[in-house]
Every structure is written in C-alpha cells, then in structure tokens.
Amino acid sequence: MKIPMESSPNNFTAVDPDYFKVKLATWLIQTGSYLLVALLPLILRLFGLPVPWWLVILPPVLVLGLALPILRMLRRQVRALGYREREEDLLVRSGVLWRKQLVIPYGRMQYVEVTSGPLERRYGLCKLTLNTAAGSATAVIPGLREDTGQALRERLVAAGEANLL
Amino acid sequence: MNEWQRVHPASPFVHGWLAIVGLAWVYWQNTDDISWAERFTGSRLAWTVGIGSAALALVLIFYALSWYFTRYRISETHVYVNAGMVFRSQKQARIDRVQGIDIAQPLVARLLGLAELRFDVADGSASVMRLSFLRKAHAHQLRAEILALAQGEIPVQEEAAQPVPLMAKVPAGRLLASMFLRLPTVVGVLLALVLGILSLSGVGVLVAGLVPMLLGFGGWFYKELNNSWNFSASATDTGLRISHGLADTKQQSLPAGRVQSIQISSPAFWRLLGWYRVEVNALGVGEEEMSNLLVLPVGDFEAVTQVMGILLPELGVENQRAVLHTAITSGTDHGFTSSPARAKALSPGAWKHQAFLSTGSCVITRFGWLSRSAAFVPHRRIQGMVLQQGPWERRRELAGIRLYSAGGSIMGYMHQLDEQVATEFFAAQARRQVER
C-alpha cells in the first residue's frame, strides 16, 4: 500500500488486539437491538395482524445489509488504530477507508483522561482522551491495556509540563 | 469610588419586567370570561383594584428589596458586586486581571437609557461578572476608569484615549441588501412564496409542515439582523472595539492578541458585488464559548484590509495586500498551492479555487465553489492538525488537512491537495508547531 498515512506504519504502537472483542461485543449489541426493532413487523404478522410482506422482509434485510460490511471491517479498523509518541508531539492514526492522522503538540495539551466502560473493563482495557483548547483537536486512543494507558498518561502529562508553550 | 454604591433604581424592573407581564397574563387568563365593562363596575371593581394593587405592591416590595441589596464597590484592586437578599452572592474581580469590559443594553434597558457592564476576567472562572444596570453615561465613565486602573494608571474622569473610528457604520441599506442575498434568506423567501401559493390553492396539509421551517428562517434572519445592525468598529491601542445591535445593543472590545483564527467569507451572490464578511475565533470574548465572533457583517475589500490590518497585522509576506486579495478571491498567484486537476472528478466546481499558502506567520486556506471562504490560522494558534484521506481521494492520490484552533468553529481547511504536498506540509507544520 502506498498511502501517506501508512508510510511508516511500524513506528506506530498498535492498540491491544483484545480491543477487537470489545468492538465485536458492541457490534453484536447494536445490531441485535436494531434487528429486534426491524423484526417487529414479523412478530406482529405472527400474531395475525395484516402486515404486508415487504414490510416484514425489508427492515431486517436493510439492517443486516448495513451491519455485515461493518463486521467485515472491524478487525481491520482495530488494526488501523495506533499512536506514536514523538519528541514533542503525539500522533494518532485511525480508519481503514477514511484514514485520519491527528497530531497534537504536547505543549497544547490541556488535560488527559483515562476512562473505561464496563465492556472495556472486562478485557482490562481503557480509553485515553487528550484534550486541547480546541474542541475538535481531541485525540482519542481506545483499546489500551490499563497499565499501558496509565503509563502513557503519566508520560503525556510530564511531557506537557515540560513543553508548556 | 471606594465605597458601596447602589445600581440604578430601575434595574430590578429591567431584570424582572417579565414578572409583571406574567402576572397580568395569569390574571387575564383566569378571568377572560369577564368583559372590560364588568371588571370596573359594581362589586367587581373592588376586586379588580384590590388584586391589581396587591400584586403591584408585592412586585414593588420585591423590586425595592432587590435594589436595596444590590451594591457594588470599586477599590484600587478589586470590583465587588453583592446581590441577593435570601441567597446572597458576593462576587469580585481583580482589576489587574480584567481583560475587557463590554457594555450591553438589552431592549428594555435601552428604552430607559440604562446599560450593563460585563467584566471579562482572566482568572479561570467561566462566568462573566455583570454589573447591571447603570445610566449609560455613567457606565461608559466607569468602564474607562476601571480600564485605566487595570493598566495601572491614575483614574481619569473623562474617557481615556478615544478609539479611532475605523470605518463608518455599515449602512442599513447595504446590510439589508446583503442579508437578502444570502442563501438562507433566498431559500426562506422562496419557501414563503410556495407557502403562499399553496395556501391560496387550498393545500392545507403541506403548509402546516412548512410553517416551523419558515419560523426557523425568521429566527435566523432576526438574529443575524440584530447582530449586524448599526455595526461599527473602531481601532483601540490593543485591538478592535465593535458596537452593534438592533434591539439589544452591545459594545465589545476584542484585543488582537486573543484572536485565534479569522475567516473571510463571501456568499455566492456577494461575490458579484465584491462583498465580504469577517468572523473570528477569539478566546474569552462573546457570550458562548463555541460561537464565532462577527467583526464585519458586510464590507468591500477596502474594509477587509482595514480590519485585517488590526486583527492580523503581520501576514508574514511582503505584498500583504495582493496576497490578501488572492486569498479571498481565487487563483494561485503569490505562491498559493491549489488542488491538482485530478481533483476535478471529486469537486467539479471547487477544485480550481481550493488552495493554501503557508506564510511566515500563518496558514491561509481557501475553499468553496459558489460561495468561498478563506481562513487565516496563525501558526502559533494551531492546537492540532488532522491529515485525512477517503477512499475516492486515495484512488486519485489526494489528501486533505484540517487545522484546528480554539475559541470557535473556524478551521483551516485544505481540501483535496496532492497527496505528496499534503504529507510534506503536514510533517513540516508539525515540526514548526513545536519550535520555540
């Protein structure tokens, strides 16, 4: 692949492969709940209500048609996530089709948060968020091992203090 | 000075005139089966007068107490504002931390010739301290005194250095014309026409759905008009001072040092007339944190250069005027880099006009087809950058960059550049960001 975003993929630290399980579980919950709603006409029909056939078939097909391609991308999406600590700034890359690479100088950092939801906690993962004065310039690195996340936060805070602009 | 003073006695009324209206409304709602004649005859007369005067007395007592307990004091170092009778609040602001004082006049205050002082203090507190209300002249005098104290000077009685008027008031005719030439207005007017025709031909159902949209347009139009009416700007020794407003007038000072990024835009129809609009992202100025501050509602190139001369005096190039002109029109003169012809398939109209230039002091980006806007982001105001590439862009070896700054939604947007150029700029800019 000759893409600027991945010109030096080896310099990036990938997120934990276990994050795929978190993504998968999230996908299952989401798709499951959408499917439940989409199957409502079928249930109504089973109860003898006169629901037309197209209304029974179309919603589940649509939901699956949208959700399955996402499932196919999940593993690649997790592999595409990565960060790189440079001397004076942090790079975060993400995305498979729509690739993004965000750079934030340590000196612009306002605060760093480490959060973890119930699903992430189950696999011992956490999410690191780095905020600047600009709302749009926020770096989010999900799927870090808890100790990695804490250590990264410590390093970022230290670097931020050293680089106050 | 240096002793407790009370605000203008009419202030509680300005704060609470809605309460009077509300009480009257409640009374009206509960007795609307009685006609006017009945209200003031016989036994009803006593009730009407009784309820009316009781309510009035209650309101007046509350107003009087509220006025009595609202006091302010200005010492050498602090401004204090105390308010509240049951829930007391005591606020103070350190004068040497005062960064600016805005004078605001809500509609009712304006009718009574009163004004409110809003202190912008750089001590990390989110809320703005307000002192309301004072006579307008007194408010101006107080503002000048406090600002003088803030600069460590001896208080002077008259307005210190008079700001230099930068340009004449934006004429009402031009402002209205400019408003009607903007897309939301055009759409709104068309919608109103459709609505009229439909209701005349008797299609009632559709109309009901369109009315909320039309109200939305009306609200937008009024907000814009209120913001831009009577707009004037003057140059002070630290930056810009703007005053504007139709129903609510407002004066704001915008120190040039607080400008984070600037956007000069030109909606489609304005381009024929050579009109521009200038907005900025600024820290600690304006009501909402995340909204852009309007510094020129409509003006020609001359006005734009004047405003830019104050907001961003160093463009980082030699022939500033020419570069500014290229930046807000089109073309690649003076070193602008535009999208390659490969981008034509993705943005058939805009590709020719998308361009950027990195100068000694800032990055200038331009995008848009029919309506164009140029953003100026000083290098040292960039908080973070994103390099991005979608699947179609990847096929054509294109990539885009966004430059984010604080204080609003304006960003440097470099759309569909050559992949190589974008990566190189991204790397170079990241290095530049950490230079000191």
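Rules and cut-offs
- Going along each chain's sequence as written, the residues are numbered from 1 onward.
- Chain A is the first chain written and ligand 1 is the first ligand written, with later ones labelled in order.
- Per-residue local features of the predicted model are confined to residues with pLDDT of at least 70, and side-chain atom pairs are confined, for both listing and counting, to 80 or more; whole-chain, interface and lining totals are unaffected and use all residues.
- The side-chain quantities take in all heavy atoms of the structure and omit both hydrogens and water.
- The contact definition used throughout considers only heavy atoms, calling two residues in contact when any of these lie within 4.5 Å.
- A quick way to say it: buried area is the sum, across both parts, of accessible area lost when two parts are put together, with a 1.4 Å probe.
- When a carboxyl oxygen of Asp or Glu is within 4 Å of a side-chain nitrogen of Lys or Arg, the pair counts as a salt bridge.
- Definition of a polar contact: a pair of N or O atoms within 3.5 Å, with one able to donate and the other able to accept a hydrogen when the atoms are protein atoms, and with sequence-neighbouring residues admitted only if both atoms are side-chain atoms.
- The way it works is that DSSP assigns letters per residue, a run of H or I at least four long becomes a helix, a run of E at least two long becomes a strand, and they are numbered from the N terminus.
- Only protein chains enter the calculation, and the probe is 1.4 Å; a residue is then buried if its accessible area is under 20% of its type maximum, exposed if over 50%, and partly exposed in between.
- What fixes the domain bounds is an automatic or database domain assignment.
- Nonpolar residues are Ala, Val, Leu, Ile, Met, Phe, Trp, Tyr, Cys and Pro. Charged residues are Asp, Glu, Lys and Arg, and all others, Gly as well, are polar.
- When DSSP locates at least two bridges between a pair of strands, those strands are taken to pair.
- Structural elements are reduced to axes, namely lines fitted to C-alpha atoms, with helices fitted over the stretch in contact, and the angle between N-to-C directions of any two is expressed from 0 to 180 degrees.
- Charge convention: Lys and Arg are scored as positive, Asp and Glu as negative, and His as well as the terminal groups of each chain are ignored.
- Per-residue confidence from the prediction method is given by pLDDT, with values spanning 0 to 100.

Before going further, it helps to examine the interface of chain A and chain B. In this assembly, 28 residues from chain A lie in contact with 26 residues from chain B. Of the roughly 2300 Å² buried between chain A and chain B on both sides combined, carbon and sulfur atoms contribute 60%. Summed over the shared surface of chain A and chain B, the number is zero salt bridges. Counting every contact that joins chain A to chain B gives seven residue pairs in polar contact (both at pLDDT 80 or more). Going through the elements one at a time, β3 (89-94) and β4 (99-105) of chain A are the ones with two or more residues in the side of chain A that touches chain B.

This part covers the pattern of salt bridges. Going through the model one piece at a time under the given rule, you end up with 13 salt bridges over all chains. Across the pair Glu116 of chain B and Arg118 of chain B runs a salt bridge, and its minimum N-O distance is 2.8 Å. Taken as a pair, Glu116 of chain B and Arg118 of chain B share a single burial class, namely buried. Within this structure, Asp16, Asp18, Lys21 and Arg145 of chain A form a network of salt bridges that share partners.

Residue and element names in this part refer to chain B. Domain annotation of chain B identifies domain 1 (5-150) and domain 2 (252-433). Just the C-alpha atoms count here: the centres of domain 1 and domain 2 sit 43 Å apart. Contacts between the two partners involve eight residues from domain 1, matched on the other side by six residues from domain 2. For the pair domain 1 and domain 2, the summed buried surface comes to about 500 Å²; carbon and sulfur atoms form 21% of the total. Summed over the shared surface of domain 1 and domain 2, the result is one residue pair in polar contact (both at pLDDT 80 or more). Of all the secondary structure elements, the ones that give two or more residues to the side of domain 1 that touches domain 2 are β5 (98-105) and β6 (114-121). Counted by class, the side of domain 1 that touches domain 2 contains one nonpolar, two polar and five charged residues.

So, about the sheet that holds strand β6 (residues 125-132) of chain A. Residue and element names in this part refer to chain A. Reading across the sheet, the three strands line up as β5-β6-β7 and stay open at both edges, with antiparallel pairing between neighbours. Of all strands in the sheet, those bounded by a partner on one side alone are β5 (109-115) and β7 (139-145). The average angle at which neighbouring strand axes cross in this sheet is 20°, direction not considered. With six bridges connecting them, β5 and β6 associate as antiparallel partners. The partner of Val112 across the bridge, within β6, is Leu130. Sitting on the sheet, helix α5 (residues 146-162) is in contact with β5, β6 and β7, with an inclination near 170° to β5.

Moving on: the side chain of Asp102 of chain B. Residue and element names in this part refer to chain B. Assignment of secondary structure puts Asp102 in strand β5. For the buried Asp102, no salt bridge is present, and the opposite-charge side chain at shortest range is Arg143, 5.9 Å distant. A polar contact is formed between the side chain of Asp102 and the backbone nitrogen of Ser253, at a distance of 3.5 Å. Beyond its immediate chain neighbours, meaning those up to four positions away, Asp102 contacts Glu116, Leu117, Arg118, Gln251, Gln252 and Ser253.

Time to look at the sheet that holds strand β4 (residues 89-94) of chain B. All names here are of chain B. Spatially, β1-β2-β3-β4 is the arrangement adopted by the four strands of the open sheet, whose pairing is antiparallel. One side of each edge strand has no neighbouring strand; the edge strands of this open sheet are β1 (5-6) and β4. Alignment of strand β2 (residues 71-74) against strand β3 (residues 78-83), held across four bridges, turns out to be antiparallel. Looking at the pairing, Ile74 lines up with Val79 of β3. Where helix α5 (residues 136-150) meets the sheet, its contacts fall on β1, β2 and β3, and the angle it forms with β2 comes to roughly 40°.

Caution applies to low-pLDDT parts of the model: their predicted coordinates are not meant to be read in detail. Residue and element names in this part refer to chain B. Here chain B averages 82 in pLDDT, while 89% of its residues score no lower than 70. Per-element averaging of pLDDT across chain B places helix α2 (residues 36-39) at the bottom with 68 and strand β20 (residues 398-404) at the top with 94. In this model, residues 154-160 is a region of pLDDT below 50 whose contacts with residues beyond four sequence positions or in other chains number ten contacts. As a predicted assembly, this complex carries a pTM of 0.76 together with an ipTM value of 0.84.

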